[in-house]
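Listed below are the residues making up each chain.
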Amino acid sequence: MRAVFCRSNLLHMGTCILTTCLSMTLANVSTRAQDVTKRSAIDHGHALFLADGCSECHGTVGQGSRASGPRLAPQPLPLEAFLQVLRHPISEMPPYVVEVLSDADAGDIHAYLASIAAPTQKAQDIGALNR
Amino acid sequence: LENGVGTVPYTPARVGTMAKDAEPDLARRSLLKGSAVAGIAALTPATSATADTALSPAAPPRPNALPNRVAETAVPAPLEVLTEGRSGSDFMVDCIKSLGFDYIAATPGSSFRGLHESLINYGENKSPEFVTCTHEEVSAAMAHGYAKAAGKPLAIITHGTVGLQHASMALYNAWCDRAPVYVIVGNIADAEMRRPGIEWNHSAQDEASIVRDFVKWDDAPASLQHFADSAIRAYQIAITPPTLPVLVVADGPLQEDPIPPDQTLHIPQLGRLAPPQGEIAAVEETARLLVTAENPVLLPDRLARSQAAVDNLIVLAELLQCAVVDVGGRMNFPTRHRLNQSARGRSVIGQADVILALEVNDLFGTLNSYRDQVHRTSRPRIASGAKIISLTAQDLYIKSNYQDFQHFQPVNLAMAADAEATLPSLIEAVRKLLSTSETDKFKARGDKLAAAQATALAQARSDAVYGWDATPISTARLCAELWQQIASEDFALVSPTSQVSYWPKHLWNFEKAYQFLGDGGGMGIGYCAPASVGAALANKSLGRLSVALQPDGDLIMTIGALWTAAHHNIPLLTVVHNNRAFHQELMHVQRLANRHMRGIDRCHIGTTLREPFIDFAKVAQGMGVRAEGPITEPGDLGPAIARAIKVVKAGEPALVDVVTQGR
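Everything numeric in this text was worked out from a predicted model, so none of it was measured. (Residues numbered from 1 in each chain as written. Chains lettered and ligands numbered in written order. Predicted model: local features only at pLDDT ≥ 70, side-chain atom pairs only at ≥ 80, totals over all residues. Heavy atoms only, no water.)

1. Side note on the environment of A:Tyr96
Then comes step 1: As for its position among the elements, A:Tyr96 is in the loop between helix 4 (79–87) and helix 5 (103–115).
Then comes step 2: Of the residues examined, A:Tyr96 reaches a relative accessible area of 6% and is grouped as buried.
Then comes step 3: Not counting the four nearest positions on each side in its chain, A:Tyr96 is found in contact with A:Asp52, A:Cys54, A:Leu86, A:Arg87, A:Leu101, B:Asn594 and B:Ile600.
Then comes step 4: Only 3.4 Å separates the side chain of A:Tyr96 from the backbone oxygen of A:Asp52, close enough to count as a polar contact. (Helix = DSSP H or I, 4+ residues; strand = E, 2+ residues; numbered from the N terminus. Buried < 20%, exposed > 50% of the residue type's maximum accessible area, 1.4 Å probe, protein only. Contact = heavy atoms within 4.5 Å. Polar contact = N/O pair within 3.5 Å; in protein donor to acceptor, adjacent residues only side chain to side chain.)

Written out as structure tokens, the structure is:
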């Protein structure tokens, strides 16, 4: 949005409102498109996370398990590091090769993991975790 | 023939073919009813004559003629011979009672019908009480769980061949888990005594061969006195460490026929058993190594058979102020004790300079990391130069075929002895070596460990928050919600914890040996449900609240155990961890699909329990168990568990089916 305002400042006052409105409209469309794209990537990543079996060891929200796989979310590894571990794991996880999971699909999975919010509660606020 | 008369203890069906024996035999058996005597006596003249002829020196021998031809072709009396006195199976019941069994679990089978009848009538179905099971695997696994909870064996009876085959996997689990299970199996050794057809199918030359690789000792007694001796011997062998399953065959005719009145029988007494302790010089050397170490670690696995082991391990750890990493084959050490370092076991083991392994089954797997890949690799977790001491009764008894003895781990000192029995002398040896300066040094070490323990507990609680509100319900929440409701009870977790990511070990406060019993030993699926019922049976009279975190794949294999729980009013709370899959196997297939670079989107085939989902609540209700579910919303879980606990406290089993995350 900041870029839109910068551009609109260069325009004549008479056309400013119209231009600004047009610019903002285009910008909104662009943002929504980006949002849709992002949302689509997250949804796609979520679907892949479940379908490709990541969730079997790491949990459906990437919470991890002490028995089968570490926590992946929230705050997953940066994408590059994430891809590195995916292709060349150091743990028991078998490698996900590019023929099985493309970089684009892996990126969508990463987008899903990055979209997962941190827990809203702390352990000390949950009665069942304080016995 | 004379010898035969003198030693064969039962002959009722043979009177037609051994006529000369019939009269003295019947005379001895005043217990036979008159009608039977009359019926048999009607055959006597002909057979006697034949016998006389055969034995007469005046009669010339006839080539190719058998002396007892008439006797051998005569038709036996078509009359039931009734027993008025005691049968052989009555005596067998006396032997069983002498061993103090509270229960005897079985699925009925004709090869032990005599023993069955004697148990419920002659024995009045008390001490032991007959526990009806829907499958021999259930009987054997119940005995496995019972033995660990009660600290003594439960007897089971299995049908010949097929019944023992059914029981075999559960016996293998008990073998691997060092649990004493007392097996009696029916058989008809004498082919002439078998009815055509089914009794041949259910008899074997060597019945015990079906399971001999994983029972400690077996016998097939040929007489009642032999049975008595073997029954007591088997019990003694079973409960002497290493505690393991044993088997005694109860021969069919031996069970069913009357005890001859002139037969003298006695039941040997079981004496006090002293388990084998470690050799004293080795114990003293172990104490010296532990006291002089910078970072000694105690590593118990299947150590505690009783609370005494837990208490002694606490004493030893506190004397040394050293780390304890509980491998988890039993509840060996309180989970919230300041020295319990199990949650960070790998790093603690990596820093150790002396490790004392106490009844550790897989020492190699505990001290090394191992990668499941095409090129298998392993790497030591222990520091170079660390001294390893092994103290286990497993070294006293081992067999070759089944590989449950695990990868060989070289050690510096191997004590073949019972660890629980050796702990008191090890404590004394350590005490003798301690000085004030060492005590001060140890205190500083203990304080560091205590801080690490507190951090580990906080970390576990923090980790459990992730996915707290997820659907399916997280295993962390499953375990935490259950713990919240039983924390103030005298509880016993009678199931393993590996399927629920070991959360109870991290979140629950275990203090007593009976509060956790370890896993299924051989990891044969179908252990948890019946073993939990067996353990709950042991806990019933002690007023303990038995709870099981029950995997769904395991439950569907031996679900008949629920009926036994309902039928015998065995209070047990079963919380089903229903991830709707044989989930471990699902992960294995995924691993191989990835290794073969074929994608893992088809790995649900053959591994999942979908289409339809199993409605465990309905199945349980159909077996008479109060049940509800499937619980899918995290918020519904706590109230459902609370309702189920009320049922269990009233003395009945209850089940809550919870749809959960995979792990």
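2. Quick look at the pattern of salt bridges
Then comes step 1: Throughout the structure, instances matching the rule amount to 28 salt bridges over all chains.
Then comes step 2: Residues A:Asp43 and A:Arg39 are paired through a salt bridge, measuring 3.0 Å at the closest nitrogen-oxygen approach. One end of the pair, A:Asp43, and the other, A:Arg39, are both in helix 2 (residues 13–51), four residues apart, so they sit about a helical turn from each other.
Then comes step 3: For B:Arg302, the salt bridge identified is with B:Asp519, shortest N-O distance 3.7 Å. Separated by 217 residues along the polypeptide, B:Arg302 in the loop between strand 7 (296–300) and helix 14 (307–320) and B:Asp519 in the loop between helix 20 (503–507) and helix 21 (528–540) bring together distant segments of the chain.
Then comes step 4: Salt bridges sharing common partners tie together B:Lys148, B:Asp177, B:Arg302, B:Arg330 and B:Asp519. (Salt bridge = Lys/Arg side-chain N within 4 Å of Asp/Glu carboxyl O.)

3. Observations regarding the interface of chain B and chain A
Then comes step 1: The interface is formed by 45 residues belonging to chain B together with 35 residues belonging to chain A.
Then comes step 2: Between chain B and chain A the total buried area reaches about 3,200 Å² when both faces are included, carbon and sulfur atoms providing 55% of it.
Then comes step 3: Of all residues in chain B, B:Val465, B:Tyr466 and B:Asn594 bury the most surface against chain A, accounting for 20% of the area lost on that side.
Then comes step 4: Scanning the region where chain B abuts chain A turns up two salt bridges. (Buried area = accessible area lost by both parts, 1.4 Å probe.)

The values are spatial; any link to function lies outside them.
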